[in-house]
Every structure is written in structure tokens, then in C-alpha cells.
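# Coordinate inspection notes
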Amino acid sequence: MAEERTIFHKIRDKEIPAAVVYEDEDVLVFKDIHPKAPTHLLLIPKHFVASIADVTPETAHIPGMLILKAQKFAKEKGIDGYKLTFHVGKGGGQEVMYLHLHLLSDMKLEG
Ligand code: 5GP
């Protein structure tokens, strides 16, 4: 079954622009278009998973990988306090069905 392409597929594949602050072979990090804190980033895996609700034993490493990327990014940028959030499913406030980790901080990201 072909996966439904979300807005984050299009950002990942550079079909629509986003304010990308970090990218490597596993992850893309970009600014949330409607920030709810001075720093509000979204981390998406390059490998598509729709939601935490869809994680399987084969993809269980992906949420942990996103957390480690968030930790490393925050450390490198000197962000020493932040919140990490996964919204899970429509009832959990998830609007975009492409797994993403919110990183929010009252500290402003430089640049
Ligand atoms: P969710 O509620 O699914 O956990 O979060 C989705 C987030 O994606 C929201 O905070 C929303 O502001 C953000 N968002 C939705 N569309 C776009 C977009 O086209 N570009 C960017 N950068 N963020 C988006």
C-alpha cells in the first residue's frame, strides 16, 4: 500500500521549503511554522513512520534516535532547558501523520 504523503514528506523531499536548522542521513530538523515558544523545532526521521502509535519492534529505534539528535543539537546550541513532545494520534493533538518530535525552549536559538 502506497503511503499517504504528508506535508512533512514534502519538506523532507525538498518539494516545499522549510527553515531547516540541521540535517543528516537520519533526521531533518526545521522550525515550526507556528512557534509556541521562542525556540520551537520539529525533528523528523528520514525513514517514514506515521506516529508513535505505529512504531513496531523494527522501527522502535527511531523515537530514541530523535531524542538523541535533539539532545545533541540542544547541547551544541547551548540550549540547556527544553521540552520534548510527541503528539500521538488525532486524540493526542497530532495533526501531521508523519512522526515528529517537538523541541520547545524559552531560550532563543541563535541564527
Ligand atoms: P502536531 O500537532 O502534528 O504534533 O504538530 C504539527 C506541527 O507542524 C504544528 O506545530 C504546526 O505548526 C507545524 N506545521 C504544520 N505545517 C507546517 C509547515 O508547512 N511547515 C512547518 N515548518 N511547520 C508546519
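Look above for the structure.
Notes on the structure follow.

Scoring rules and cut-offs
Residues numbered from 1 in each chain as written. Predicted model: local features only at pLDDT ≥ 70, side-chain atom pairs only at ≥ 80, totals over all residues. Heavy atoms only, no water. Helix = DSSP H or I, 4+ residues; strand = E, 2+ residues; numbered from the N terminus. Buried < 20%, exposed > 50% of the residue type's maximum accessible area, 1.4 Å probe, protein only. Contact = heavy atoms within 4.5 Å. Areas by Shrake-Rupley, 256 points an atom, 1.4 Å probe, with all protein chains shown as cover. Lys, Arg positive; Asp, Glu negative; His and termini not counted. Charge placed at Lys NZ, Arg CZ, Asp CG, Glu CD. Patch = residues over 30% accessible without salt bridge, like charges linked within 9 Å, V, L, I, M, F, W, Y side chains within 5 Å. Salt bridge = Lys/Arg side-chain N within 4 Å of Asp/Glu carboxyl O.

## Here we look at the overall build of the protein chain
In terms of regular secondary structure, the protein chain is built from 2 helices and 5 strands. Reading the protein chain from its N terminus to its C terminus gives the helix and strand order α-β-β-β-α-β-β. In terms of its C-alpha atoms, the protein chain occupies a principal-axis envelope of roughly 40 × 30 × 30 Å. Expressed as a percentage of the 111 residues in the protein chain, the buried residues total 39%. Relative to all contacts within the protein chain whose residues are 6 or more apart in sequence, the contacts with residues 24 or more apart total 51%. Accessible area for the protein chain stands at about 6700 Å²; split by element, carbon and sulfur atoms hold 57% of it. In the protein chain, 14 positive and 16 negative side-chain charges are present, and the distance between their average locations comes to 4 Å.

## Observations concerning the environment of Phe73
With respect to the helices and strands, the residue Phe73 is situated in helix H2 (residues 61–77). In this structure Phe73 comes out as buried when scored by relative accessible area, which is 5%. Separated by 44 residues in sequence, Phe73 and Val29 place their C-alpha atoms 9.4 Å apart. Once residues within four sequence positions are removed from consideration, Phe73 is found in contact with Val21, Tyr22, Leu41 and Leu109.

## Details of a nonpolar patch on the surface
Judged by side-chain polarity, Ile67, Tyr82 and Leu84 come together as a nonpolar surface patch covering roughly 230 Å² of accessible area. Its location among the elements puts Tyr82 in the loop between H2 and strand E4 (83–85). Classification of Tyr82 as partly exposed rests on a relative accessible area of 33%.

Take it as geometry only, folks, not as evidence of what the structure does.
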